[in-house]
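# Remarks on the overall topology
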Amino acid sequence: MNIIQEFETIAAISTPLGTGGVGVIRISGDKSHEIAKKITKKDNLPAGKICHGWVYEGDKKIDEVVILPFKSPNSYTGEDVIEIQCHGGINVVRNVLDVVLKNGARPAERGEYTKRAFLNKKLDLSQAEAVDDLIHAKTSEFAIQSAKNLSGVLAKKIAEIKGGIFEVASKIVAGIDFPEDVKEPEYSYLRENFEGAIKEIDRILSCAKSSDILRQGVKVAVVGRPNVGKSSLFNALLNLDRAIVTDIAGTTRDVIKETLDLGVAVTLIDTAGIREDENIDKVEEIGIEYSKQSAKDADLVIFMYDASEGFNSADDEIYQIIKDKKHIVVANKTDLLNGDFIPVFEDTAALSAVSKDGLNELKAKMKEIICDFSLEDTEYITNKRQQNCLERCRESLIRALDAANREELQDMIYIDLKSALLSLDEITGEVINDDILNNIFDHFCIGK
Ligand code: GDP
């Protein structure tokens, strides 16, 4: 993205392209109000007032719309902004955007609105990243957590840590610059402050693993012999008919993936039945290889056998492949049992994928194990970039603490404090280079 073009007026469709009640076109930049007046044939579009009218191309009516005018700096981007709400069909939205572009705006690039909001200090970088997280959240829990960062929870915490380090650094500088008037701070004071800051950083970093899990979700593979009911379970868990279910062994030849919301996004992987058989054709053989791989890559394996047939040696062969992974044993088809179910393994989830008896218990068990991946209380959501900055800040503080323990010259300690502060500035974007910035906003969608 080219920063020189920053102040051109930009326009894009901000709602998904599809059929819906309303579609939104957003225009941002100095010319936005002028363009809106021209295409609606209105002399006045007062900021903060909802206006109603038509969008015209020449004398041709394009759509009846609602116009929301914003004046700088009171807008999302901090610039003059116009939002046009038109009818939500793909073509009508495109037609309105077309008229806007013909009248002086250029198409917005990915994330350009949020980037302008950041450059105009409407958001810091951690909040801008939270916007992207919020839009792409795979679960409602992650959306809630991202909203916390959008409201500035992480930014506030970083500012607090930064404030503490800054105060110590200022005292060191004063002691160095005015040795006659200002006493350099006690080493015990330095140690206490550095330890405090490291503890706070550790508190944020202790949520890194659960942050990653909340963001990316976990992979759960369903494995077992052909025909035990894996695809049926897959469909039952997702409440849909995604996987093909037949009684012909080897129907699921590839790996099917879908996302299930269990608080954490669960990528459910239905694998081809694992079967050692010389009649297996090439395609199924590849499927079986995939299954072994999926089981290996999965965070959790659901190993399934047919309770009505009992656990046999073929089941055991598959069980041996997955037994060292985190797994749940599922005995399916309990509806076909004549007598009581006698589990082979302790803690087996007995169910019927057809009648759905036992399905909720399985979901609860899955949730329990997934939460064990440490989701307890995710106080701070961070992404890899932010975690990396925090780790670098921590390293600088550890060096400063070591130096304070050895009562080294405070000039040297000051250098480490400066680099700790720089790492924190990168999180909120006070110090950031164009490449990193462009990399962040290039991942956004157009219109955001
Ligand atoms: P997969 O090869 O392991 O994926 O098995 P499928 O899900 O394709 O199921 C194989 C057959 O078993 C189909 O005819 C299903 O309808 C049937 N089936 C699956 N689960 C159950 C169940 O819980 N009870 C009964 N009675 N039949 C089931």
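The following refers to the structure shown. Keep in mind that this is a model prediction, so the values were computed, not measured.

## Observations regarding the overall build of the protein chain
- The helix and strand tally for the protein chain stands at 15 helices and 12 strands.
- Expressed as a percentage of the 448 residues in the protein chain, the buried residues total 49%.
- For the protein chain, long-range pairs separated by at least 24 residues make up 68% of all intrachain contacts whose partners lie at least 6 apart in sequence.
- As displayed, the protein chain offers around 22,100 Å² of accessible surface, 50% of which is attributable to carbon and sulfur atoms.

## Overview of the sheet that holds strand β1 (residues 10–13)
- With mixed pairing, six strands are arranged side by side in an open sheet as β3-β4-β5-β2-β1-β6. Edge positions in the sheet fall to β3 (51–57) and β6 (106–107), since each has one partner strand and no second.
- Two elements, strand β4 (residues 60–70) and strand β5 (residues 81–88), share five bridges in a ladder whose sense is antiparallel. Looking across to β5, one finds that valine 66 is bridged to glutamine 85.
- Set on the sheet, helix α3 (residues 112–119) makes contact with β1, β2 (20–28) and β6; between it and β1 the angle comes to about 135 degrees.

## Some details on the site of the ligand
- Taken together, 18 residues sit near the ligand, with Asn227, Lys230, Ser231, Ser232 and Asp335 positioned nearest.
- Here lysine 230 contributes a side-chain N or O atom positioned 2.8 Å from an oxygen atom of the ligand.
- Within the backbone of alanine 353, a nitrogen or oxygen atom sits 2.9 Å from an oxygen atom of the ligand.
- Relative to its unbound accessible area of 580 Å², the ligand is 85% covered by the protein chains.
- The greatest single-element share of the shell around the ligand, amounting to three residues, is contributed by helix α9 (residues 230–238).

## Some thoughts on the packing of helix α4 (residues 125–136) against helix α15 (residues 434–441)
- Where α4 contacts α15, the two axes come as close as 10 Å, and the packing angle between them is 25 degrees. On the basis of the axis angle, α4 is roughly parallel to α15. Residues Leu125, Ala128 and Glu129 of α4 form the contact with α15, whose own contacting residues are Leu437, Ile440 and Phe441.
- The residue inventory of the contact of α4 with α15, partitioned by class, reads five nonpolar, no polar and one charged.

## Focus: the packing of helix α7 (residues 187–205) against helix α13 (residues 384–405)
- Packing of α7 against α13 leaves a shortest axis separation of 9 Å and a crossing angle of 160 degrees. With respect to their mutual orientation, α7 and α13 come out roughly antiparallel. Classified by chirality, the crossing of α13 by α7 is left-handed. On α13, the residues touching Tyr187, Leu190, Arg191, Phe194, Glu195, Ala197, Ile198, Ile201, Asp202, Ile204 and Leu205 of α7 are Gln387, Leu390, Glu391, Cys393, Arg394, Leu397, Ile398, Ala400, Leu401, Ala404 and Asn405.
- Counted by class, the contact of α7 with α13 contains 15 nonpolar, two polar and five charged residues.

## Observations concerning the pairing of β2
- Taken together, the four bridges between β1 and β2 define a ladder with antiparallel strand orientation. In the strand pairing of β2, isoleucine 10 is matched with serine 28.
- If you look at the hairpin formed by β1 and β2, you'll find six residues sitting between the two strands.
- As paired strands, β2 and β5 are joined by eight bridges and run antiparallel to one another. If you follow valine 22 over to β5, its bridge partner there is histidine 87.

## Examining helix α5 (residues 140–150)
- Buried within α5 are the following residues: Phe142, Gln145, Ser146 and Asn149. Take α5 and look down its axis: the buried residues cluster within an arc of 100 degrees, on one side only.
- Buried residues along α5 sit against α4, α6 (153–177) and α8 (208–216).
- Positive phi appears at glycine 152, one or two residues downstream of α5, with a value of about 100 degrees.

## A word on the nonpolar core
- Membership of the largest hydrophobic core comes to 30 residues, with the highest contact counts inside it found for Ile165, Phe194, Leu397, Ile413 and Leu417.
- Elements represented by at least two residues in this core include exactly α6, α7, α13 and α14 (410–428).
- Setting aside chain neighbours within four positions, we find isoleucine 165 in contact with Ala197, Leu397, Leu417, Ala420, Leu421 and Leu424.
- In terms of nonpolar packing, the next biggest core, distinct from the first, is built from 28 residues, Val218, Ile328, Leu362 and Ile370 among them.

## Side note on the packing of aromatic side chains
- Counted under the stated rule, the structure contains eight aromatic pairs.
- Aromatic side chains phenylalanine 311 and phenylalanine 345 sit 5.2 Å apart centroid to centroid with 85 degrees between the ring planes, which places their arrangement in the edge-to-face category. With phenylalanine 311 in the loop between β10 (300–306) and α11 (313–322) and phenylalanine 345 in the loop between β11 (327–332) and β12 (349–350), the pair connects residues that are 34 residues apart, well separated along the chain.
- Exposure remark for phenylalanine 311: the relative accessible area of 24% places this residue in the partly exposed category.
- Given a relative accessible area of 17%, phenylalanine 345 falls into the buried group.
- Aromatic side chains phenylalanine 441 and phenylalanine 444 sit 5.2 Å apart centroid to centroid with 40 degrees between the ring planes, which places their arrangement in the tilted category. Side by side, phenylalanine 441 and phenylalanine 444 carry an identical accessibility label, which is buried.
- Among the aromatic side chains, those forming a connected cluster through ring pairs are Phe303, Tyr305, Phe311, Tyr319 and Phe345.
- When the ring centre of tyrosine 113 is taken as origin, the NZ or CZ atom of arginine 26, which lies over that ring, is 5.1 Å away.

## What about empty space enclosed by the protein?
- Applying the stated criterion across every chain, the model contains one cavity of 30 Å³ or more.
- Considering only enclosed or pocket space, the largest cavity measures out at about 50 Å³ in volume.
- Taken together, Ser126, Glu129, Ala130, Asp133, Ser146, Asn149, Arg215, Ile381, Asn383 and Gln386 make up the full set of residues lining the largest cavity.
- Mapped by element, the contributors of at least two residues to the lining of the largest cavity are α4 and α5.
- Here the residues of the lining of the largest cavity are counted per class, giving two nonpolar, five polar and three charged.

Calculation rules
- Residues numbered from 1 in each chain as written.
- Predicted model: local features only at pLDDT ≥ 70, side-chain atom pairs only at ≥ 80, totals over all residues.
- Heavy atoms only, no water.
- Helix = DSSP H or I, 4+ residues; strand = E, 2+ residues; numbered from the N terminus.
- Buried < 20%, exposed > 50% of the residue type's maximum accessible area, 1.4 Å probe, protein only.
- Contact = heavy atoms within 4.5 Å.
- Areas by Shrake-Rupley, 256 points an atom, 1.4 Å probe, with all protein chains shown as cover.
- Pairing = 2+ DSSP bridges.
- Axes fitted to C-alpha atoms, helices over the stretch in contact; angles between N-to-C directions.
- Near = heavy atom within 4 Å.
- Polar contact = N/O pair within 3.5 Å; in protein donor to acceptor, adjacent residues only side chain to side chain.
- Parallel < 35°, antiparallel > 145°, perpendicular 65-115°, else oblique.
- Nonpolar A, V, L, I, M, F, W, Y, C, P; charged D, E, K, R; others polar.
- Left-handed = near helix turned anticlockwise from the far one by under 90°.
- Arc of directions from axis to C-beta.
- Core = buried A, V, L, I, M, F, W, Y, C linked by side-chain atoms within 4.5 Å.
- Phe/Tyr/Trp six-rings, centres within 6.5 Å; stacked < 30°, edge-to-face > 60°.
- Lys NZ or Arg CZ within 6 Å of the ring centre and 35° of its normal.
- 1 Å grid on protein atoms, 1.4 Å probe; cavity = no way out; pocket = protein on both sides within 12 Å on 5 of 7 lines; lining within 4 Å.
- Points joined across faces, edges and corners; volume = space filled by probe spheres on them.

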